[in-house]
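Read off the chains here:
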Amino acid sequence: MALKCGIVGLPNVGKSTLFNALTSAKALAANYPFATKDPNVGIITVPDPRLDKLSELVQPQKVLPTTIEIVDIAGLIKGASQGEGLGNQFLANIREVDAIVHVVRCFEDGNVVHVDGSVDPVRDKEIIDTELLLKDLETLEKRLERLKKAAKSNDKEVLKNLATVERMIAEMEGGKAARAIAVEEDQENLVREMYLLTAKPILYVCNVDEDSVKTGNAHTQRFTELVKDESAEVIFICAGIEADIAELDTLEERMEFLEELGLQEPGVNVVIRACYQLLQLITYFTAGEKEVRAWTIEEGTKAPQAAGVIHTDFERGFIRAEVIKYADYVQYGSESSVKEAGKMGVEGKEYVVVDGDVMHFRFNV
């Protein structure tokens, strides 16, 4: 599944440094606005201890984790919705991603200039929110004009669409993001096809100094209070620490470095998992001598569609799924032991895959 998370924020908040740490792609991280003129794209693996454990038990020839695409998007400034700075490019790039990782600066450093002259994550968030809302309102106004013309026919569906768009405009003019506006189920496609920027799920990453990575600081306290009603997750990381970790060659060196800082894992692991959850994704596994592999599907996916992620023939000729719960696989240590214990389930077309399922598909085409 080619799912993308876009890293956004004002210039010089640490976006490219975070991107580098996530992907080790070495994107340009310069101390001036618009260092990232084209969106850098990287493929990141999703850390999953379950995959490691299954690999330890099965000892396969290959281990293949699941991935997410991450995009580092050019820094936005006030007036972007009107084309200021790299605004039009920024907004076009963000329209193409499935979810937003919004990085806000929550650290003081006289050597790193802020585009607005001072550190204020609340103001920074409001600048980006405003620009995205203005662009969405522009999109909605264009749709409104078309619907008004079409409504002269008194078509019931058109009239309902018109009412939805008018209500969304009113609520968004009041500062509400599209993702926070409830619409009727039969209107969800209308909203989806407009690709509204503020409809995308969002994760906030507070880039803090090294001393604040565990408990935060005055900046993060203000920011967390601001977004408490948004149903959005807030994560604290120090992009500088993550950059240092990314430079270390071995796992042992990285773990030793983390231990010295009193951290259990790199912050980028937390960000990656949060992105995965933000997109409402889950993982199932296939496990055999040739490979142990993690597969990405959306929550609520049924067995035939999950099989189709491996190959379309698996879905087309689906007969059944043999399912082992991850906890059972670990408890009994092997597929054969699970079978002997009577713990392997045989599931049909209506089975909804659960996160962590170890699956084998039977099919015939």
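Residues numbered from 1 in each chain as written. Predicted model: local features only at pLDDT ≥ 70, side-chain atom pairs only at ≥ 80, totals over all residues. Heavy atoms only, no water.

A closer look at the confidence of the model for the protein
To keep things clear, this is the line we draw: Think of pLDDT as the predictor's per-residue confidence, scored from 0 to 100. Residue contacts are defined here by distance: any two heavy atoms, one from each residue, within 4.5 Å place the two residues in contact.
With 89% of its residues at a pLDDT of at least 70, the protein reaches an overall mean of 87. Note that residues 26–37 has pLDDT below 50 and, in this model, 31 contacts with residues that lie over four places away or in other chains.

Some points on helix H7 (residues 218–227)
Keep this limit in mind: Accessible area is worked out with a 1.4 Å probe on protein chains only. A residue is then buried under 20% of its type maximum, exposed over 50%, and partly exposed in between. The way it works is that DSSP assigns letters per residue, a run of H or I at least four long becomes a helix, a run of E at least two long becomes a strand, and they are numbered from the N terminus. Think of the arc as the fan of directions from the helix axis to the C-beta atoms. Counting of polar contacts relies on pairs of N or O atoms within 3.5 Å, with two restrictions inside protein: one atom must be capable of donating a hydrogen and the other of accepting it, and residues adjacent in sequence are counted only when both atoms are side-chain atoms.
Of all the positions in H7, only His219, Thr220, Phe223 and Val227 are classed as buried. Considered in projection along H7, the buried side chains sweep an arc of 90 degrees and stay on one side of the axis. Among the exposed residues of H7, those oriented more than 90 degrees off its buried face are Ala218 and Gln221. Considering only its buried residues, H7 is in contact with strand S5 (99–105), helix H4 (121–150), strand S6 (202–207) and strand S7 (233–237). At the N-terminal end of H7, a side-chain oxygen is found 3.0 Å from the backbone nitrogen of His219, two or three residues along, and the residue is Asn217.

Side note on the nonpolar core
Our working definition: Here the nonpolar core consists of buried residues drawn from Ala, Val, Leu, Ile, Met, Phe, Trp, Tyr and Cys, with membership extended through side-chain atoms lying within 4.5 Å.
Ranked by internal contacts, the top residues of the largest apolar core, which has 55 residues, are Leu22 and Leu203. Look past the residues within four positions of Leu203 in its chain and what remains in contact with it is Ile100, Val101, His102, Glu233, Ile235, Val271, Ala274, Cys275 and Leu278. Formed by 18 residues, the second largest nonpolar core is a distinct cluster that contains Leu133, Leu144, Val165 and Leu196.

Focus on the sheet that holds strand S2 (residues 40–45)
To keep things clear, this is the line we draw: Two strands pair under a simple rule: DSSP has to find at least two bridges between them. Lines fitted to C-alpha atoms define the axes here, with helix axes fitted over just the stretch in contact, and angles between the N-to-C directions of these axes take values from 0 to 180 degrees.
Reading across from one edge, S2-S4-S1-S5-S6-S7 is the order of the six strands in this open sheet, with mixed pairing throughout. The two strands at the open ends of the sheet, each matched to only one other strand, are S2 and S7. Going from strand to strand, the sheet's axes swing by 25 degrees on average, the running direction of each strand aside. Pairing geometry for strand S1 (residues 4–8) and S5, over four bridges, is parallel. Within the sheet, the bridge partner assigned to Val8 lies in S5 and is His102.

Points about helix H5 (residues 156–173)
In plain terms, the rule: To estimate how far a helix should reach, multiply one less than its number of residues by 1.5 Å.
Between its first and last C-alpha, H5 extends 26 Å over 18 residues, near the 26 Å set by a 1.5 Å rise per residue. Every buried residue of H5 is accounted for by Val158, Asn161, Leu162, Thr164, Val165, Met168, Ile169 and Met172. The buried residues of H5 occupy an angular sector of 165 degrees when projected down its axis, which confines them to one face. Set apart from the buried face of H5 by more than 90 degrees, the exposed residues are Lys156 and Ala170. In the core, the buried residues of H5 are packed alongside H4 and helix H6 (188–193).

Notes on the packing of helix H8 (residues 239–247) against helix H9 (residues 251–261)
Two quantities define a packed helix pair, namely the angle between the axes and the distance from one axis to the other. Heads up, the rule is: What sets the label is the angle itself: under 35 degrees gives roughly parallel, over 145 gives roughly antiparallel, 65 to 115 gives roughly perpendicular, and the rest give oblique. In this scheme the handedness of a crossing depends on how the near helix is turned from the far one: anticlockwise by less than a right angle means left-handed, clockwise means right-handed. As a working rule, the residues Ala, Val, Leu, Ile, Met, Phe, Trp, Tyr, Cys and Pro are called nonpolar, Asp, Glu, Lys and Arg charged, and the rest polar, with Gly in that last group.
Across the interface, H8 lies against H9 with an axial gap of 9 Å and an inter-helix angle of 150 degrees. Classed by the angle they form, the pair H8 and H9 counts as roughly antiparallel. Seen along the crossing, H8 lies across H9 with a hand that is right-handed. In this structure, H8 contributes Ile241, Asp244, Ile245 and Ala246 to the contact, and H9 contributes Arg254, Phe257, Leu258 and Leu261. The residue makeup of the contact of H8 with H9, split by class, is six nonpolar, no polar and two charged.

A few points about the side chain of Lys200
How we decide: Positive charges are assigned to Lys and Arg, negative charges to Asp and Glu, while His and the chain termini are left out of the count. Salt bridge, as used here: a side-chain nitrogen of Lys or Arg that lies within 4 Å of a carboxyl oxygen of Asp or Glu.
Its location among the elements puts Lys200 in the loop between H6 and S6. Of the side chains with opposite charge, Asp98 comes closest to the buried, unpaired Lys200, at an N-O distance of 6.2 Å. Only 2.6 Å separates the side chain of Lys200 from the backbone oxygen of Val97, close enough to count as a polar contact. Ignoring anything within four residues of it in the chain, the contact list for Lys200 reads Ile94, Arg95, Val97, Asp98, Ile100 and Arg179.

Observations regarding the pairing of S7
Examined bridge by bridge, S6 and S7 share five bridges and lie parallel to one another. Each residue of the ladder has a partner; that of Tyr204, found in S7, is Val234.

With respect to unusual backbone geometry
Residues other than glycine seldom take positive phi values, yet Asn12 does so here, at roughly 65 degrees. Along the chain, the position of Asn12 falls in the loop between S1 and helix H1 (15–23). The exposure class assigned to Asn12 is buried, which follows from its relative accessible area of 12%.

Considering a negative patch on the surface
Filter applied, for reference: The patches described consist of residues with a relative accessible area above 30% and no salt bridge, like charges being joined within 9 Å and nonpolar side chains (Val, Leu, Ile, Met, Phe, Trp, Tyr) within 5 Å. Per-residue and other accessible areas were derived by the Shrake-Rupley procedure at a 1.4 Å probe size, with only the shown protein chains allowed to occlude residues. Charge coordinates come from a single atom per side chain, which is NZ of Lys, CZ of Arg, CG of Asp or CD of Glu.
A cluster of like negative charges, contributed by Asp249, Glu252, Glu253, Glu256, Glu259 and Glu260, occupies part of the molecular surface. Examined against the element boundaries, Glu256 turns out to sit in helix H9. You can call Glu256 exposed: its relative accessible area is 52%.

Things to note about the pattern of salt bridges
Using the criterion set out here, one finds 25 salt bridges in the structure. One salt bridge in this structure joins Glu171 and Arg167, with 3.0 Å as the shortest N-O distance. With Glu171 and Arg167 both in helix H5 and four residues apart, this pair spans about one turn of that helix. According to the relative accessible area criterion, Glu171 is partly exposed, its value standing at 22%. For Glu171, the salt bridge identified is with Lys176, shortest N-O distance 3.1 Å. For Lys176, a relative accessible area of 34% corresponds to the partly exposed category. Salt bridges sharing partners connect three or more residues here, namely Asp48, Arg50 and Asp355.

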